[in-house]
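What follows is each chain in one-letter form.
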Amino acid sequence: DTAVSQTPKYLVTQMGNDKSIKCEQNLGHDTMYWYKQDSKKFLKIMFSYNNKELIINETVPNRFSPKSPDKAHLNLHINSLELGDSAVYFCASSPSGGQTQYFGPGTRLLVL
Amino acid sequence: AQSVSQHNHHVILSEAASLELGCNYSYGGTVNLFWYVQYPGQHLQLLLKYFSGDPLVKGIKGFEAEFIKSKFSFNLRKPSVQWSDTAEYFCAVNAGSGGYNKLIFGAGTRLAVHP
């Protein structure tokens, strides 16, 4: 069984479009995260939710809007996509109070 | 500001060679340190972690790391690498507070192991 899953795996779209990436975890964790990995493989946290509540927002443009309908899901919606948004986006989860984060397979976004 | 520095960006080794990847962190609080591995085209997997206790931590696949507080270091080691260890390796520190986690990653080290 996949612990942390993301859809889609690949996403190719035009500048200016709006797109969403979905993340689901079946580990029973309370906390979920979004990370962005750029073309140089540098990983940076974007958001974190704990029990559907936003707890970390790392100065991400407001074109990015995370949404957590329940604690097992954390979706990422991106408005008005720009070339610089091209990256691999990783979802992760951890138990509340736990330190270890478990990562999903990533969504490779290419903006043309 | 919290930061993680990985000195080696690319490492090329032959099979059976020994490996040491450097990691230094800058963080004023209680440190929790991690090494993650990313095999080509795959997601990040946890290799090992240090929270407290014995500073020599053993992980999966024969990897180990040593936490040296005085040097702010958490270097990753493996005595004999295999071709299957070819991957990107990331050191990270948990810079969260108030019970919330926030991993700060280093830039990664790309390891290529030749048969």
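About the thresholds
- Residues numbered from 1 in each chain as written.
- Chains lettered and ligands numbered in written order.
- Predicted model: local features only at pLDDT ≥ 70, side-chain atom pairs only at ≥ 80, totals over all residues.
- Heavy atoms only, no water.
- Patch = residues over 30% accessible without salt bridge, like charges linked within 9 Å, V, L, I, M, F, W, Y side chains within 5 Å.
- Areas by Shrake-Rupley, 256 points an atom, 1.4 Å probe, with all protein chains shown as cover.
- Salt bridge = Lys/Arg side-chain N within 4 Å of Asp/Glu carboxyl O.
- Helix = DSSP H or I, 4+ residues; strand = E, 2+ residues; numbered from the N terminus.
- Buried < 20%, exposed > 50% of the residue type's maximum accessible area, 1.4 Å probe, protein only.
- Contact = heavy atoms within 4.5 Å.
- Buried area = accessible area lost by both parts, 1.4 Å probe.
- Polar contact = N/O pair within 3.5 Å; in protein donor to acceptor, adjacent residues only side chain to side chain.
- Disulfide = S-S within 2.5 Å.
- Core = buried A, V, L, I, M, F, W, Y, C linked by side-chain atoms within 4.5 Å.
- Phe/Tyr/Trp six-rings, centres within 6.5 Å; stacked < 30°, edge-to-face > 60°.
- Pairing = 2+ DSSP bridges.
- Axes fitted to C-alpha atoms, helices over the stretch in contact; angles between N-to-C directions.

A. Representation of a nonpolar patch on the surface in the model. All names here are of chain A. Taken together, the side chains of Val12, Leu110 and Leu112 define a hydrophobic patch exposed on the protein surface, amounting to about 270 Å² of accessible area. Mapped onto the elements, Leu110 comes out in strand β11 (residues 107–111). Residue classification places Leu110 among the partly exposed positions, given a relative accessible area of 40%.

B. Focus on the interface of chain B and chain A. With 22 residues of chain B in contact, the opposing surface of chain A contributes 22 residues. Summing both partners gives a buried area of about 1,800 Å² for chain B against chain A, and 57% of it is carried by carbon and sulfur. Of all residues in chain B, the largest losses of buried area upon contact with chain A belong to Tyr100, Asn101 and Phe105 of chain B, amounting jointly to 30% of the total for that side. On the surface where chain B and chain A come into contact, there are one salt bridge. Linking Lys102 of chain B and Glu58 of chain A is a salt bridge whose minimum nitrogen-to-oxygen distance equals 3.1 Å. The interface formed by chain B and chain A holds four residue pairs in polar contact (both at pLDDT 80 or more) in total. Of all elements in the fold, only β5 (33–38), β6 (44–50), β10 (87–94) and β11 (103–105) of chain B reach the threshold of two or more residues within the side of chain B that touches chain A.

C. Geometry of the environment of Ser84 of chain B. All names here are of chain B. Residue placement: Ser84 occurs in the loop between β9 (73–78) and β10. The exposure class assigned to Ser84 is partly exposed, which follows from its relative accessible area of 40%. Sequence separation between Ser84 and Gly53 is 31 residues, and the spatial gap between their C-alpha atoms is 30 Å.

D. Inspection of the state of the cysteines at higher detail. All names here are of chain A. Evaluated as defined, the whole model comprises two disulfides over all chains. One disulfide in the model links Cys23 with Cys91; its S-S distance is 1.9 Å. Linking Cys23 and Cys91, the disulfide has an S-S dihedral of approximately -80° and is accordingly described as left-handed. Separated by 68 residues along the polypeptide, Cys23 in strand β3 (residues 19–25) and Cys91 in strand β9 (residues 87–94) bring together distant segments of the chain. Neither residue differs from the other here; Cys23 and Cys91 are each classed as buried.

E. Fine view of the nonpolar core. In terms of nonpolar packing, the biggest core is built from 31 residues, with Trp35, Leu48, Phe74, Leu76 and Tyr89 of chain B touching the most fellow members. Residue assignment for this core shows that the elements contributing at least two residues are β2 (10–14), β3 (19–21), β5, β6, β8 (64–68), β9, β10 and β12 (109–114) of chain B. Residues within four places of Tyr89 of chain B in sequence aside, it is in contact with Gln6, Leu21, Trp35, Tyr36, Val37, Leu47, Phe63, Leu76, Gly108, Thr109 and Leu111 of chain B. Membership of the second largest hydrophobic core comes to 20 residues, among which are Val4, Cys23, Trp34 and Tyr89 of chain A.

F. Quick peek at the packing of aromatic side chains. All names here are of chain B. For the structure shown, the criterion picks out 15 aromatic pairs over all chains. Arranged with centres 5.6 Å apart and planes meeting at 45°, the rings of Phe63 and Tyr89 form a pair that is tilted. Of this pair, Phe63 sits in the loop between β7 (56–58) and β8 while Tyr89 sits in strand β10, and the two are 26 residues apart along the sequence. On the basis of relative accessible area, Tyr89 is assigned to the buried category, the value being 0%.

G. Inspection of the sheet that holds strand β7 (residues 64–70) of chain A at higher detail. Residue and element names in this part refer to chain A. Strands sit in the order β1-β3-β8-β7 across an open sheet of four strands; the sheet is antiparallel. Here the strands that pair on one side only, and so sit at the sheet edges, are β1 (4–7) and β7. Averaged over all neighbouring strand pairs, the angle between strand axes comes to 20°, with direction disregarded. By the bridge criterion, four bridges tie β3 to strand β8 (residues 73–78) in an arrangement that is antiparallel. Looking across to β8, one finds that Ser20 is bridged to His77.

Keep in mind that these numbers describe shape and distance, not what the molecule does.
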